[in-house]
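# Overview (structure and organization)
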Amino acid sequence: MFRLLCLLTVLGCGCPLDSGMLFPRETSSREVKELNGLWKFRADMSPNRNQGFERAWYKARLEESGPVVDMPVPASYNDITQDSSLRDFIGWVWYEREVLVPARWVAGDGTRLVLRVGSAHYRLTWLQWVNG
C-alpha cells in the first residue's frame, strides 16, 4: 500500500497547459489505475501559508497535522463546501490518499510508474510524496 500525498498551490489563473501527456489507455502492456474518489484534504490557512512545510505535514498522515475533510477528486475545492474562506482561498492545499497497487508494479524490475494529473487547469506547483 502506498500513501500518496500531493501538494498544490495556484500561482496564477487562466494559464492553459501548453504541454502534457496523451490520455492513458489500458493495453496489453499498460495497466491504468484511476485515483479518482475521496481524498483527505487540508488547506494551509496559516498566516504565511507555509505551516505545512515548517511542520513537515508530509512526514505523517495528513489528519495528524490538524483537521482534514474528505474532498472529491476530480473537483474544484473552491466549489465543494459552503465555507467562504475555502471558496476564496489561494495558497498551498494538501491532498492525501492511500492507494493499493499491484505487487508487480513495485517488484524492482525497472517498471516505470507515471502519475498523470488530469484536472490541473491553472498554473500550479505539484509536489508529491510516496510513503513519506
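Residues numbered from 1 in each chain as written. Predicted model: local features only at pLDDT ≥ 70, side-chain atom pairs only at ≥ 80, totals over all residues. Heavy atoms only, no water.

## Regarding the packing of aromatic side chains
For any pair of aromatic rings, the description consists of the separation of the ring centres together with the inter-plane angle of the planes. Rules: Classification of ring pairs rests on two measures: the distance between centres of Phe, Tyr or Trp rings, Trp counted by its six-membered ring, which must be within 6.5 Å, and the angle between planes, read as stacked under 30 degrees, edge-to-face over 60 and tilted in between. Starting at the N terminus, helices and strands are each numbered in turn, a helix being any DSSP run of H or I of at least four residues and a strand any DSSP run of E of at least two. Buried, partly exposed and exposed residues are distinguished by accessible area as a fraction of the type maximum, computed with a 1.4 Å probe on protein chains only: under 20%, between the cut-offs, and over 50%, respectively.
For the structure shown, the criterion picks out six aromatic pairs. Pairing W39 with Y95 gives two aromatic rings, centres 6.3 Å apart and planes at 85°, and the pair type is edge-to-face. Here W39 is found in strand β2 (residues 37-43), whereas its partner Y95 is found in strand β4 (residues 92-99), with 56 residues between them in sequence. With respect to class, W39 is no different from Y95; both count as buried. Measuring from ring centre to ring centre gives 5.4 Å for W57 and W94, while their planes differ by 55°; the resulting arrangement is tilted. Highlighted residues: W57 in the loop between α1 (51-54) and β3 (69-73) and W94 in strand β4, separated in sequence by 37 residues. Taken as a pair, W57 and W94 share a single burial class, namely buried. A network of ring pairs unites the aromatic residues W39, F41, Y77 and Y95 as a single cluster.

## A short note on the side chain of S46
This is how the line gets drawn: Here a polar contact is taken to be a pair of N or O atoms separated by no more than 3.5 Å, where protein atoms must pair a possible hydrogen donor with a possible acceptor and residues adjacent in sequence count only if both atoms sit in side chains.
For S46, the location among the structural elements is in the loop between β2 and α1. What makes S46 buried here is its relative accessible area of 9%. Of the polar contacts made by the side chain of S46, one reaches the side chain of D44; its length is 2.6 Å.

## Observations concerning the pairing of β2
This is how the line gets drawn: If DSSP finds at least two bridges between two strands, the strands pair.
Looking at chain direction, β2 and β3 are connected through five bridges and run antiparallel. If you follow L38 over to β3, its bridge partner there is P72.

## Points about the environment of S65
Heads up, the condition is: In this description, contact between two residues means that some pair of their heavy atoms is separated by no more than 4.5 Å.
Note on placement: S65 falls in the loop between α1 and β3. Judged by its relative accessible area of 21%, S65 falls in the partly exposed class. Measuring from C-alpha to C-alpha, the distance between S65 and G52 comes to 8.2 Å, with 13 residues separating the pair along the chain. If near-sequence neighbours (up to four positions away) are discounted, S65 is found in contact with R42 and W57. At 2.6 Å, the side chain of S65 forms a polar contact with the backbone oxygen of L62.

## Concerning the nonpolar core
Stated precisely, the cut-off is as follows: Nine residue types can take part in a nonpolar core, namely buried Ala, Val, Leu, Ile, Met, Phe, Trp, Tyr and Cys, and a core is a set of them joined through side-chain atoms within 4.5 Å.
One finds C6, L35, W39, F41, A43, M71, Y77, L86, F89, V93, Y95 and V99 forming the largest nonpolar core, which totals twelve residues. At the level of secondary structure, the elements contributing two or more residues to this core comprise β2 and β4. If near-sequence neighbours (up to four positions away) are discounted, F41 is found in contact with L62, P67, V68, V69, M71, Y77, L86, V93, W94 and Y95. Within the second largest apolar cluster, seven residues are counted, among which are W57, L62, W92 and W129.

## Focus on the pattern of salt bridges
This is how it is decided: Any Lys or Arg side-chain nitrogen found within 4 Å of a carboxyl oxygen on Asp or Glu counts as a salt bridge.
A complete count under the given rule lists four salt bridges for this structure. The closest approach of N and O atoms between R104 and E31, which form a salt bridge, is 2.6 Å. Here R104, found in the loop between β4 and β5 (123-130), pairs with E31, found in the loop between β1 (2-12) and β2; they are 73 residues apart in sequence, far enough to count as distant. The partly exposed category is assigned to E31, whose relative accessible area is 36%.

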